[in-house]
Amino acid sequence: MAAALNIQKGTSKHSAYDLRDPNAEAVERHTLAVIVDNEAGVLARVIGLFSGRGYNIDSLTVAEVDHEGHRSRITIVTTGTPAVIDQIKAQLGRIVPVHEVHDLTVEGPSVERELALFKVVSGGDKRVEALRLADIFRANVVDSTLESFVFEITGTPQKVDAFGELMRPLGLTEMARTGIAALSRGS
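Residues numbered from 1 in each chain as written. Predicted model: local features only at pLDDT ≥ 70, side-chain atom pairs only at ≥ 80, totals over all residues. Heavy atoms only, no water.

1. Some remarks on a nonpolar patch on the surface
Inference 1: On the surface, Leu-43, Leu-60 and Val-62 cluster together into a nonpolar patch covering about 210 Å² of accessible area.
Inference 2: By the element assignment, Val-62 lies in strand S2 (residues 57-66).
Inference 3: For Val-62, a relative accessible area of 41% puts it in the partly exposed group. (Patch = residues over 30% accessible without salt bridge, like charges linked within 9 Å, V, L, I, M, F, W, Y side chains within 5 Å. Areas by Shrake-Rupley, 256 points an atom, 1.4 Å probe, with all protein chains shown as cover. Salt bridge = Lys/Arg side-chain N within 4 Å of Asp/Glu carboxyl O. Helix = DSSP H or I, 4+ residues; strand = E, 2+ residues; numbered from the N terminus. Buried < 20%, exposed > 50% of the residue type's maximum accessible area, 1.4 Å probe, protein only.)

2. A closer look at the nonpolar core
Inference 1: Core analysis: the biggest nonpolar cluster contains 16 residues, and Phe-118, Phe-151, Ile-153, Phe-163 and Met-167 have the highest contact counts within it.
Inference 2: When contributions to this core are tallied by element, the ones reaching two or more residues are strand S5 (110-121), helix H3 (124-136), strand S7 (148-155) and helix H4 (157-167).
Inference 3: In this structure, Ile-153 is in contact with Glu-114, Leu-115, Ala-116, Phe-118, Phe-137, Ala-139, Lys-159, Val-160 and Phe-163, ignoring residues within four places of it in sequence.
Inference 4: Grouped together as the second largest cluster of nonpolar side chains are 15 residues, Leu-32, Ile-74, Ile-76 and Leu-92 included. (Core = buried A, V, L, I, M, F, W, Y, C linked by side-chain atoms within 4.5 Å. Contact = heavy atoms within 4.5 Å.)

3. Notes on the packing of H3 against H4
Inference 1: Look at H3 against H4: their axes get within 10 Å of each other, and the N-to-C directions meet at 170°. Taken together, the axes of H3 and H4 lie roughly antiparallel to each other. As H3 runs across H4, the sense of the crossing is right-handed. Residue-level inspection shows Ala-130, Leu-133 and Ala-134 of H3 in contact with H4, the latter providing Phe-163, Leu-166 and Met-167.
Inference 2: A class-by-class count of the residues in the contact of H3 with H4 yields 6 nonpolar, no polar and no charged. (Axes fitted to C-alpha atoms, helices over the stretch in contact; angles between N-to-C directions. Parallel < 35°, antiparallel > 145°, perpendicular 65-115°, else oblique. Left-handed = near helix turned anticlockwise from the far one by under 90°. Nonpolar A, V, L, I, M, F, W, Y, C, P; charged D, E, K, R; others polar.)

4. Things to note about the pattern of salt bridges
Inference 1: All chains considered together, the criterion is met by 9 salt bridges.
Inference 2: A salt bridge links Asp-86 to Lys-89; the nearest nitrogen and oxygen atoms lie 3.7 Å apart. Of the two residues, Asp-86 and Lys-89 are both situated in helix H2 (residues 82-94); the distance of 3 residues between them amounts to about one turn of the helix.
Inference 3: Since its relative accessible area comes to 44%, Asp-86 is described here as partly exposed.
Inference 4: Among the residues examined, Lys-89 registers a relative accessible area of 22% and is labelled partly exposed.
Inference 5: Of the charged contacts in the structure, one is a salt bridge between Glu-129 and Arg-132, with a shortest N-O distance of 2.7 Å. With Glu-129 and Arg-132 both in helix H3, this residue pair falls 3 residues apart, about one helical turn.
Inference 6: Linked through salt bridges whose partners overlap, the residues forming this network are Asp-86, Lys-89 and Asp-103.

Here is the structure:
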């Protein structure tokens, strides 16, 4: 069995060479929490800021968090150089219905969780193995037929990814993910 490769940030498992520009800034992953007015068109304006400038969104979740104040929380996971992340935060802060922009990645410790549903269609030993792995990952069976299971798992994105990779050879046919919900820790 081959040993795992130690691939450094900015390199590719498809290349034996590090082709990064040594003067370029590293691309970083950031989780942003944005508090906005809960009104029509606000989400489109926030998303338009990203698409209009060619920024990518890795994860997006939105929900109303203050019913009386009609405020929603948008959690966005994106990647970019530190300069690009600073530009995104500044531009988000200039959108009129945006009240707060927090970069949870730099403001201190935070908790990130994601919920996912996995449909696994299999029988025999593969079915038993899927149940065994679900137990190890603390996934719940939320639907069961004679041919399939639907598992619900909550955890870090890395945990969800790992569960999906292990379910793939056991008959994974569908997956739905909520995206990341995140809060800063402490006061």
